[in-house]
Amino acid sequence: MNALTESANLAAGSARDALTLYDTRFGSRFLLGTSRYPSLQALNDSIDTARPGMVTVALRRQLSGSQTSEGHFWDTLRRLAVPVLPNTAGCHSVQEAVTTAQMAREVFETDWIKLELIGDDYTLQPDPFGLVTAAEQLIRDGFKVLPYCTEDLVLCRRLLDVGCQALMPWGAPIGTGKGVINPYGLRLLRDRLPDTPLIVDAGLGLPSHACQVMEWGFDGVLLNTAVALAAQPVEMAGAFATAIKAGRAAWLAGPMAERESAEASTPVVGVPFWHDKDYS
């Protein structure tokens, strides 16, 4: 096989395994936030390095930022040509979230929305009751809703019942960098919803955290703070992109089952004869 053929086969394989949400295919399983970077250049270079499938943007940033900085911000996103995923960050009621989503559709000219509805200001935990209500309204209004939720299986099923086709369960509270705090719950969710696209959103701090959830069979990772607040955001963006690809490849390869006891990796046939001697 020559290099050109091999490259074509790899590209075809990547296309077959593309992240698909609401019948739309994306070029990467890495979704990246756009806030808290030390500079616009750092954001630009991080996106350019990671090449995420989508970048998340808060409507409130668009409405509250200075005209000069926001103009440069949007110039950067347009130049990089990465699909934009607006979010309803900061909303605490159903009506506020729905109204923000409707405004975001007008501003960003997209039906995609990352639905955030916060129920607790300390943990930034989603409001499970309002989240289902808001999601149902937005689905009826034609939105492609990606709800930020916990790993609670019952909540996730309710979100699917009202029409959500993909979910974004948290790994840990937003911005903590703790990694997955409830591995059992998150892995159970993956097991019980095998056909639902699940993107782990929030709380991951290291590329190893991202690789781990991808090894568990999750479909993608969304993060912001772990890259934006790294000492070297661009290098960290590249590290996460590589880790996500590695985790996905490991999942597709079929990891071996864990064992409780040791098992030799080499056969016992042909062991040197002196192992049979009794030296007592």
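Because the structure is a prediction, the values reported are computed rather than measured.

## What about the nonpolar core?
The biggest cluster of nonpolar side chains holds 72 residues, and the ones touching the most others in it are Leu21, Val145, Leu159 and Val213. With residues up to four places along the chain from it excluded, the contact list for Val145 reads Tyr22, Ile113, Leu115, Ala135, Leu138, Ile139, Cys164 and Ala166.

## Let's talk about the pairing of strand S3 (residues 30-33)
Across the two faces of S3 the burial is the same, with Phe30 and Leu32 and Leu31 and Gly33 all buried. Pairing of S3 with strand S10 (residues 220-223) involves 3 bridges; the strand directions are parallel. From the neighbouring strand, Phe30 faces S10, where its bridge partner is Val221. The pairing of S3 with strand S4 (residues 54-58) spans 3 bridges and is classified as parallel. Bridged to Leu31 within S4 is Met54. Taking the sense of rotation as the criterion, the β-α-β connection linking S3, helix H2 (residues 40-50) and S4 turns out right-handed.

## So, the environment of Pro147
Here Pro147 is to be found in strand S7 (residues 144-149). Taking the C-alpha atoms as reference points, Pro147 and Gln165, 18 residues apart in sequence, are found 9.7 Å from one another. What Pro147 contacts, discounting residues up to four positions off in sequence, is Leu115, Leu131, Leu159, Cys164, Ala166, Leu167 and Met168.

## What to know about helix H6 (residues 128-140)
Here H6 is 13 residues long and its end C-alpha atoms lie 19 Å apart, about the 18 Å a rise of 1.5 Å per residue gives. When H6 is considered as a whole, its buried residues turn out to be Gly130, Leu131, Val132, Ala134, Ala135 and Leu138. Packed against the buried residues of H6 are helix H5 (94-108), strand S6 (112-115), S7 and helix H7 (153-161). Where H6 starts, the residue carrying a side-chain oxygen 3.0 Å from the main-chain nitrogen of Phe129 turns out to be Asp127. Looking one or two residues past H6, Gly142 carries a phi angle of roughly 90 degrees, positive in sign.

## Regarding unusual backbone geometry
The phi torsion at Arg36 lies on the positive side, around 70 degrees, for a residue other than glycine. Checked against the element boundaries, Arg36 lands in the loop between S3 and H2. Although it is not a glycine, Leu124 adopts a positive phi angle of roughly 55 degrees. For Leu124, the location among the structural elements is in the loop between S6 and H6. Residue classification places Leu124 among the partly exposed positions, given a relative accessible area of 30%.

## Some words on the pairing of S4
Two faces make up the sheet, and in a regular strand the side chains alternate between them. A large share of S4 lies buried, amounting to 4 of its 5 residues. Relative to strand S5 (residues 84-87), S4 runs parallel, the two sharing 4 bridges. Bridged to Val55 within S5 is Val84.

The rules behind the values
- Residues numbered from 1 in each chain as written.
- Predicted model: local features only at pLDDT ≥ 70, side-chain atom pairs only at ≥ 80, totals over all residues.
- Heavy atoms only, no water.
- Core = buried A, V, L, I, M, F, W, Y, C linked by side-chain atoms within 4.5 Å.
- Buried < 20%, exposed > 50% of the residue type's maximum accessible area, 1.4 Å probe, protein only.
- Contact = heavy atoms within 4.5 Å.
- Helix = DSSP H or I, 4+ residues; strand = E, 2+ residues; numbered from the N terminus.
- Pairing = 2+ DSSP bridges.
- Right-handed = clockwise from strand over helix to strand, strands pointing away.
- Expected span 1.5 Å × (residues − 1).
- Polar contact = N/O pair within 3.5 Å; in protein donor to acceptor, adjacent residues only side chain to side chain.

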